[in-house]
Amino acid sequence: MRRQGNREQNRGFTFIELVFVLAILVILIGITAPRYIKFLEQAQMSADVSNMSDLATAVKVATVDADYNVKEGRYIFTLENTGIIIEAYQGTTQLHMRPSDTADLKKGLESFFGGTWEIDGKTANPIIKLRYKKWTDENKPSQKVQLICEVDSRKVSASYSPDSFAQYAAEAKTKKDDSRS
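(A) Examining the overall build of the protein chain more closely. Counting its regular elements, the protein chain contains four helices and eight strands. Walking the protein chain from its N terminus toward its C terminus, one meets helices and strands in the order α-α-β-β-β-α-β-β-β-β-β-α. For the protein chain, the residues scored as buried account for 29% of the 181 residues in total. By sequence separation, contacts in the protein chain at least 24 residues apart represent 65% of the contacts at least 6 residues apart. For the protein chain, the exposed area adds up to about 12400 Å²; of that, 55% sits on carbon and sulfur atoms.

(B) Broad picture of the packing of helix H2 (residues 15-64) against helix H4 (residues 163-180). As a packed pair, H2 and H4 sit with axes 10 Å apart at the nearest point and diverge in direction by 85°. In terms of orientation, H2 lies roughly perpendicular with respect to H4. Taking contact as the criterion, the partners of Gln42, Met45, Ser46, Asp48, Val49 and Met52 in H2 are, on H4, Phe165, Tyr168, Ala169 and Ala172.

(C) The arrangement of the pattern of salt bridges in detail. Considering all chains together, one arrives at three salt bridges under this definition. Taking the shortest distance from any N to any O, the salt bridge between Lys107 and Asp104 comes out at 3.2 Å. Of the two residues, Lys107 and Asp104 both sit in helix H3 (residues 99-113), three residues apart, roughly one turn of that helix. Classification of Lys107 by relative accessible area gives partly exposed; the value is 43%. Accessibility expressed as a relative area gives 17% for Asp104, which makes it buried.

(D) Local environment of a nonpolar patch on the surface. On the surface, Phe20, Val21, Leu22, Ile24, Leu25 and Leu28 cluster together to form a nonpolar patch covering roughly 580 Å² of accessible area. With respect to the element layout, Leu25 can be found in helix H2.

(E) Structural detail: unusual backbone geometry. Here the bond from Ser161 into Pro162 is cis, since omega is 5°, no more than 30 degrees from zero. For Pro162, the position within the fold is in the loop between strand S8 (155-161) and H4.

(F) Focus on the packing of aromatic side chains. Applying the stated criterion to the full structure yields five aromatic pairs. Between the aromatic rings of Trp135 and Phe165, the centroid separation amounts to 4.9 Å while the plane-to-plane angle is 80°, which identifies the pairing as edge-to-face. A residue pair is termed long-range when its members are at least 10 positions apart, and Trp135 in the loop between strand S4 (123-125) and strand S5 (136-137) and Phe165 in helix H4 qualify at 30 residues. Given a relative accessible area of 2%, Trp135 falls into the buried group. Judged by centre distance (5.2 Å) and plane angle (70°), the rings of Tyr160 and Phe165 are edge-to-face. Accessibility expressed as a relative area gives 24% for Tyr160, which makes it partly exposed.

(G) Expanded view of the nonpolar core. Ranked by size, the top nonpolar core spans 32 residues in total, and within it Tyr75 and Phe77 carry the most contacts. At the level of secondary structure, the elements contributing two or more residues to this core comprise H2, strand S1 (73-80), strand S2 (83-90), H3, strand S7 (145-152) and H4. Ignoring sequence-local partners within four residues, the contact set of Tyr75 consists of Val70, Glu87, Ala88, Met97, Thr102, Leu105, Leu147, Ile148, Cys149 and Val151.

(H) Geometry of H4. Between its first and last C-alpha, H4 extends 26 Å over 18 residues, near the 26 Å set by a 1.5 Å rise per residue. Among the residues of H4, those classed as buried are Ser164, Phe165, Tyr168 and Ala169. For H4, the angular spread of the buried residues around the axis is 130°, confining them to a single face. Exposed residues on H4 whose side chains face more than 90 degrees from its buried face are Lys173 and Asp178.

Scoring rules and cut-offs
- Residues numbered from 1 in each chain as written.
- Predicted model: local features only at pLDDT ≥ 70, side-chain atom pairs only at ≥ 80, totals over all residues.
- Heavy atoms only, no water.
- Helix = DSSP H or I, 4+ residues; strand = E, 2+ residues; numbered from the N terminus.
- Buried < 20%, exposed > 50% of the residue type's maximum accessible area, 1.4 Å probe, protein only.
- Contact = heavy atoms within 4.5 Å.
- Areas by Shrake-Rupley, 256 points an atom, 1.4 Å probe, with all protein chains shown as cover.
- Axes fitted to C-alpha atoms, helices over the stretch in contact; angles between N-to-C directions.
- Parallel < 35°, antiparallel > 145°, perpendicular 65-115°, else oblique.
- Salt bridge = Lys/Arg side-chain N within 4 Å of Asp/Glu carboxyl O.
- Patch = residues over 30% accessible without salt bridge, like charges linked within 9 Å, V, L, I, M, F, W, Y side chains within 5 Å.
- Phe/Tyr/Trp six-rings, centres within 6.5 Å; stacked < 30°, edge-to-face > 60°.
- Core = buried A, V, L, I, M, F, W, Y, C linked by side-chain atoms within 4.5 Å.
- Expected span 1.5 Å × (residues − 1).
- Arc of directions from axis to C-beta.

And the structure:
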């Protein structure tokens, strides 16, 4: 013979069962959250490296392309939270180039990336922004990343700053080259 009281007592979960389920969820979140955060940081770092690598490629293409007459000098691309700032210098005297001297590079960047670009120390393109905020230079935090392109007689040499960005970019390039061979 069954009691009617048992049927009423089996209607829901006990407090112990709910605590047990919550404990399992907390453990799963504790395991997956650090991995997810690390994955996001790697994606942000890769996005910054890719953007700066694309900029270096655009400068090289514009320099060797006969349609553009990129002037010799130093072009500094600074990637910040607000976008990219481009400064153009002529020679070792650090003279700012005139807008007419940078017009061909501007056209090359616009054809490579689209949009409107300014080369005068103002925000050149607000679409491409710094994603990873923890780059360091000599163990000091840096909120910007720089690509320095030296254009000399149709040749372009590129270097990066800060140190942690340059190291990460070199490692990414090595991995990419290794996967091709």
